[in-house]
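Single-letter residue listing:
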Protein chains: 2
Amino acid sequence: MIELNYSNMMEEVIGANGMAVNMLEGMRGRVSGLHGQFSERTLKEFAFLDLPGKDTSEIRRIAQEVRNDSDAFLVLGIGGSALGPRAILEALSPLHNLKQGPKIFIYDNVDPGTMRHILSVVDLKRTTVNVISKSGSTAETAASFMVLWDRMKTIHGNNASKRFIATTDPVSGALRKLATEEGIRTLPVDPLIGGRYSVLTPVGLLLAEVAGIESQDLLSGADQVNNACSDEDLWKNPVYLFSILLYLMATEEKRGINVMIPYADSLKYLSEWFCQLWAESLGKNGSGMTPYPSVGTTDQHSQLQLWMEGPEDKVITFIRVNDYGKDITIPRVFEKYESMSYLSGHGLSALIKAEQESTELALAKKGKPNMTISIPAIDAYHIGQLFMFFEIATAFTGLLLNINPFNQPGVEEGKKYTYGMMGRKGFEDRKQEVEAARKKKTRWKV
Amino acid sequence: MIELNYSNMMEEVIGANGMAVNMLEGMRGRVSGLHGQFSERTLKEFAFLDLPGKDTSEIRRIAQEVRNDSDAFLVLGIGGSALGPRAILEALSPLHNLKQGPKIFIYDNVDPGTMRHILSVVDLKRTTVNVISKSGSTAETAASFMVLWDRMKTIHGNNASKRFIATTDPVSGALRKLATEEGIRTLPVDPLIGGRYSVLTPVGLLLAEVAGIESQDLLSGADQVNNACSDEDLWKNPVYLFSILLYLMATEEKRGINVMIPYADSLKYLSEWFCQLWAESLGKNGSGMTPYPSVGTTDQHSQLQLWMEGPEDKVITFIRVNDYGKDITIPRVFEKYESMSYLSGHGLSALIKAEQESTELALAKKGKPNMTISIPAIDAYHIGQLFMFFEIATAFTGLLLNINPFNQPGVEEGKKYTYGMMGRKGFEDRKQEVEAARKKKTRWKV
């Protein structure tokens, strides 16, 4: 089970920068109200809570086809459609492409360099492409899909559609329509589930199964968190506590930057996934917090100086791993070098755990608020737990902030300029606006 | 040549959130004084400015040996000793390990999982290990060095030392001493050059040459920036302008978060390298800004919502690429789908550039300060330019803030607790402190 240790958030432990117990007690009323909303599913977007009960047989069947007939599996998607799958892949099958099974590539950009490099190392004859888009009209995903479709047509002719899988809306949208017409295999994503809450749908689960990861384990972990975090009493509900502490730190203490630092290389993208979820859900109405991706011990040599002695604007969340699996012992060599020999005989896991605990304590001693989420091990079950933990926490925090954690109105404006520049009908005035701005700019060029 | 376009930082363009020309004019006196410090090298740590003139023949010679006798090249280092090499590798040889030449691994942690995975895919008989540490006493690097030394001894016996290269202080420190005793090849790093300013020393250049990247091109680019950015007039010096604008935005406008968003997948780690440089150099005395790593277009689907509608605490710096190399044209397919067909006929590079410009404009229209650094192409020369540009900017901004940009006192405290827990002599009291804190913590556990 996930454990939350929040002692270093409290004034009793870290002094004046910490939270008082009565501040949290004062939230009881609001928590109770929001808890009711969750348990009664008052918003239709709470649908993400019910994902753990879904049947995965179709996902597993299609993944098996891919494993049988492909040497490469190329995901086209962006935002949550890429970060979720990537978080799963990096956490549960690190260095995947140097091992057995289909190599996996995730193309979440329109960078021609990356596309060239991917095309130079895969054999399209033995590649399956998974296009992930609710609507099909996301420009980046559409562009790369069109490129791959054309190339697959050249190679496979009328059989090209067999090299694709579309993960999309069950009924509407261009991609659904196109998949039906062309005979492309599909997997559905509930339209009520936004990209950043979609990791436990076919968006993430198909890649998991292709990589040899049990999707059912991910769902079981998520389900466990759903059940274990259903207590209305905030002192007994780690998800609510996590949310309330960050909410109060941001609103009462002006600590608007949340660092997420797992102590494991393989959780780097889980941290990035969390940051997308948190940023896009909560950054609205001039409010929101800035989630900051990090990884330990590495970033102790990068960000720690700033946390320790920089502005008082951060809260640090550690993710601690209790069991790193088969350990590697630091051998008895260089014994006469005192600055190295003290390490001999310890496991690497003892060192990484000691560093995590040391950093936690060093921060606490300086009065810097921090908390620690511990997981027993990095496996599908516990990664599933973390996904659900952070999804509930994000939605809950959004409601605390009185904002809708399920939309993203702020990204539409830029898209319209892009449509204009790419010649999409109806956006001609946008093109003119870009060109006008461009002329104005040049006078400032150095 | 790098170009800085800062129109969207100015009140004339973005309104009240922008900078007034006279604010910048008011900095002339300070800039002139600091400019004198740079040109007269008043601090010994300005040594990094003179790196472009260094001879690289020994680096090239050793790299050639590695290329001749190794299938894998494993770098052990952390912080600047890892981020610099990684930024070079990802920018200039993307997907390197799926191509020709020695595979390259950078181990910058003490995660036993990562070490296991690396050991499972390399053949130590044909591997060269590059240990990077000024002192040799960095715990993470020492631990991994000890593990590799022991394994290489088992395989190569007395020839084990031939499988190592130590990049370290030219005279002092445990690693220098050990390398001399054991007959390990070495490359020197000037003790005046801190890890985060070391990318243009053998720290970054050896990996570059092993990967088939011309180190001389990196240095030539850096040299060009040194010369081109030597004008005392802030309006003619893009590095000073960049620094002053960020400094004024942080100190006068409370915009303390600097997002660095290159529009190229391969510059993701350049952004992370910048963040380490900026964070560890400037996060001191309760001041400093928080650099934020990002990559476009990807993070438009992750962070843009927060930039557009979240708190007024950010400045966005775009890195725009003018030429992405060989382009990929979006083909004429799916013509009846209006939400996709408008893309047909454009290159992916046109789309990524349109998105960059659109995002810039959408932010400006909402009064969000942003600026754009343009580079002609992603090659060694221009990456070298960026390295030197940001190193000067960081040092300059530190001096503007009246802080020493070359030390990192805040990271020492945590190290002492780790020494205590790992049983290093003289740190016994630290161990007790950790254990006392641990007991106190449990009461808060959920």
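Preceding this paragraph is the structure being described.
Report on the accompanying structure. (Residues numbered from 1 in each chain as written. Chains lettered and ligands numbered in written order. Predicted model: local features only at pLDDT ≥ 70, side-chain atom pairs only at ≥ 80, totals over all residues. Heavy atoms only, no water.)

**Description of the pattern of salt bridges**
To keep it simple, the criterion reads: Here a salt bridge means any side-chain nitrogen of Lys or Arg lying within 4 Å of a carboxyl oxygen belonging to Asp or Glu. Under the scheme used here, helices are H or I runs from DSSP no shorter than 4 residues and strands are E runs no shorter than 2 residues, and both carry numbers assigned from the N terminus. The cut-offs for exposure are 20% and 50% of the maximum accessible area for each residue type, with area from a 1.4 Å probe on protein chains only; residues under the lower value are buried, those over the upper are exposed, and the others partly exposed.
Inspection of the entire model under this criterion finds 42 salt bridges over all chains. A salt bridge links B:Glu272 to A:Lys268; the nearest nitrogen and oxygen atoms lie 3.0 Å apart. Taken together, the residues span two chains, with B:Glu272 in helix α12 (residues 268-282) and A:Lys268 in helix α12 (residues 268-282). Taking the relative accessible area as the measure of exposure, B:Glu272 reaches 15% and is therefore buried. Close ionic contact of B:Glu181 with A:Lys336 constitutes a salt bridge, the shortest N to O distance being 2.9 Å.

**A closer look at the interface of chain B and chain A**
Rule in force here: Working rule for contacts: check all heavy atoms of both residues, and any pair within 4.5 Å makes them a contact. Buried area is calculated as the accessible area (1.4 Å probe) missing from two parts once they are joined, with the contributions of both summed. Throughout this description, a polar contact denotes any pair of N or O atoms lying within 3.5 Å of each other; where both atoms belong to protein, one of them has to be capable of donating a hydrogen while the other can accept it, and for residues adjacent in sequence the pair is counted only when both atoms sit in side chains. When residue character is reported, Ala, Val, Leu, Ile, Met, Phe, Trp, Tyr, Cys and Pro are called nonpolar, Asp, Glu, Lys and Arg charged, and the others, Gly included, polar.
Each side of the interface is counted separately: chain B has 147 residues, and chain A has 147 residues. Between chain B and chain A lies a buried interface of about 12,900 Å² when both sides are counted; carbon and sulfur atoms form 64% of it. Considering only the side of chain B, the residues that lose the most area to chain A are B:Met146, B:Met422 and B:Trp444, jointly responsible for 7% of the buried surface there. Applying the counting rule to chain B against chain A returns 10 salt bridges. Counting the contacts that link chain B with chain A gives 52 residue pairs in polar contact (both at pLDDT 80 or more). Broken down by class, the residue content of the side of chain B that touches chain A amounts to 70 nonpolar, 39 polar and 38 charged.

**Let's talk about the relation of the copies chain B and chain A**
The line we're drawing: All copies are superposed by least squares; the fitting set is the C-alpha atoms of residues with a pLDDT of at least 70 in both.
Each copy of the sequence occupies a distinct position, and chain B is placed on chain A by a rotation of 180° and an axial shift of 0.0 Å, giving an RMSD of 0.0 Å. Seen this way, the second copy is the image of the first under a two-fold rotation axis. Among all C-alpha atoms of chain B, that of B:Tyr292 lies closest to the rotation axis, at 3.7 Å. Counting the interface residues of chain B, we find that 100% of their copies in chain A are interface residues as well, pointing to one common contact surface.

**A closer look at the nonpolar core**
Quick reminder of the rule: As used here, the term nonpolar core means buried Ala, Val, Leu, Ile, Met, Phe, Trp, Tyr and Cys residues forming a set that is joined through side-chain atoms within 4.5 Å.
With 325 residues, the main nonpolar core has A:Phe145, A:Leu218, A:Phe390, B:Phe145, B:Leu218 and B:Phe390 as its most contacted residues. When neighbours within four sequence positions are excluded, B:Leu218 is seen to be in contact with B:Ile88, B:Leu92, B:Leu200, B:Leu205, B:Ala208, B:Ile213, B:Ala380, B:Ile383, B:Gly384 and B:Phe387.

**Comments concerning the packing of helix α5 (residues 80-92) of chain B against helix α9 (residues 202-210) of chain B**
Residue and element names in this part refer to chain B. Going by this rule: To obtain each axis, a line is fitted to C-alpha atoms, and for helices this fit is confined to the stretch in contact; angles are then taken between N-to-C directions over 0 to 180 degrees. The hand of a helix crossing depends on one turn: near helix anticlockwise from the far one by less than a right angle means left-handed, and clockwise means right-handed.
Two elements in contact, α5 and α9, have axes whose closest approach is 8 Å; the angle formed by their N-to-C orientations is 35°. Our pair here, α5 against α9, has a crossing hand that is right-handed. Contacts between α5 and α9 involve Gly80, Ser81, Pro85, Ile88 and Leu89 from the former and Val203, Gly204, Leu207 and Ala208 from the latter. Among the residues forming the contact of α5 with α9, the class breakdown is 6 nonpolar, 3 polar and no charged.

**Remarks on the packing of aromatic side chains**
Residue and element names in this part refer to chain A. The line we're drawing: Each pair of aromatic rings taken from Phe, Tyr and Trp, with Trp reduced to its six-membered ring, is defined by centres within 6.5 Å and is described as stacked if the planes are under 30 degrees apart, edge-to-face if over 60, and tilted in the remaining cases. We call a charge positioned over a ring when the NZ of a Lys or the CZ of an Arg lies within 6 Å of the ring centre and within 35 degrees of the ring normal.
Applying the stated criterion to the full structure yields 47 aromatic pairs over all chains. When the ring of Phe48 is compared with that of Tyr197, the centres are 5.0 Å apart and the planes differ by 35°; the resulting orientation is tilted. Residue Phe48 is located in the loop between α3 (28-39) and α4 (57-69), and its partner Tyr197 is located in the loop between β6 (185-188) and α9 (202-210); the two are separated by 149 residues in the primary sequence. Each member of the pair, Phe48 as well as Tyr197, carries the same accessibility label: buried. Between the aromatic rings of Trp273 and Phe387, the centroid separation amounts to 4.7 Å while the plane-to-plane angle is 75°, which identifies the pairing as edge-to-face. With Trp273 in helix α12 and Phe387 in helix α16 (residues 380-400), the pair connects residues that are 114 residues apart, well separated along the chain. Linked through ring pairs, Phe38, Phe46, Phe48, Tyr197, Tyr240, Phe396 and Phe406 together constitute an aromatic cluster. Here the basic side chain of Arg86 rests over the ring of Tyr269, its NZ or CZ set 5.5 Å away from the ring centre. It is Arg424 that lies over the ring of Tyr419; its NZ or CZ is 4.5 Å from the centre.

**Some remarks on the sheet that holds strand β10 (residues 370-377) of chain A**
Strand pairing in a sheet relies on backbone hydrogen bonds. The paired strands run either parallel or antiparallel. All names here are of chain A. The line we're drawing: Any two strands with at least two DSSP bridges between them are considered paired.
In spatial order, the strands read β1-β10-β9-β7-β8; together these 5 strands make up an open sheet with mixed pairing. Taken across any chain shown, the strands that pair with only one partner, and hence form the sheet edges, are β1 (3-5) and β8 (290-293). Neighbouring strand axes in the sheet, compared pairwise and without regard to direction, differ in orientation by 20° on average. As paired strands, β1 and β10 are joined by 3 bridges and run antiparallel to one another. Along β10, the bridge assignment pairs Glu3 with Ser374.

**Details of the environment of A:Ser230**
Residues and elements named next belong to chain A. Mapped onto the fold, Ser230 is located in the loop between α10 (215-228) and α11 (238-253). A relative accessible area of 43% places Ser230 in the partly exposed class. In this structure, the C-alpha to C-alpha distance between Ser230 and Glu357, residues 127 residues apart in sequence, is 29 Å. Ser230 has contacts with His35 and Asn237, leaving out every residue within four places of it along the chain. Reaching out from Ser230, the side chain makes a polar contact with the backbone oxygen of Asn227 at a distance of 2.7 Å.

**Focus: unusual backbone geometry**
Cis geometry is found at the peptide bond from A:Gly296 to A:Thr297, where omega equals 0°. Even without glycine at this site, A:Leu95 takes up a positive phi of about 55°. Structurally, the position occupied by A:Leu95 is in the loop between α5 (80-92) and β3 (103-107). Its identity is not glycine, yet B:Arg41 carries a phi of approximately 50°, on the positive side. Mapped onto the elements, B:Arg41 comes out in the loop between α3 (28-39) and α4 (57-69).

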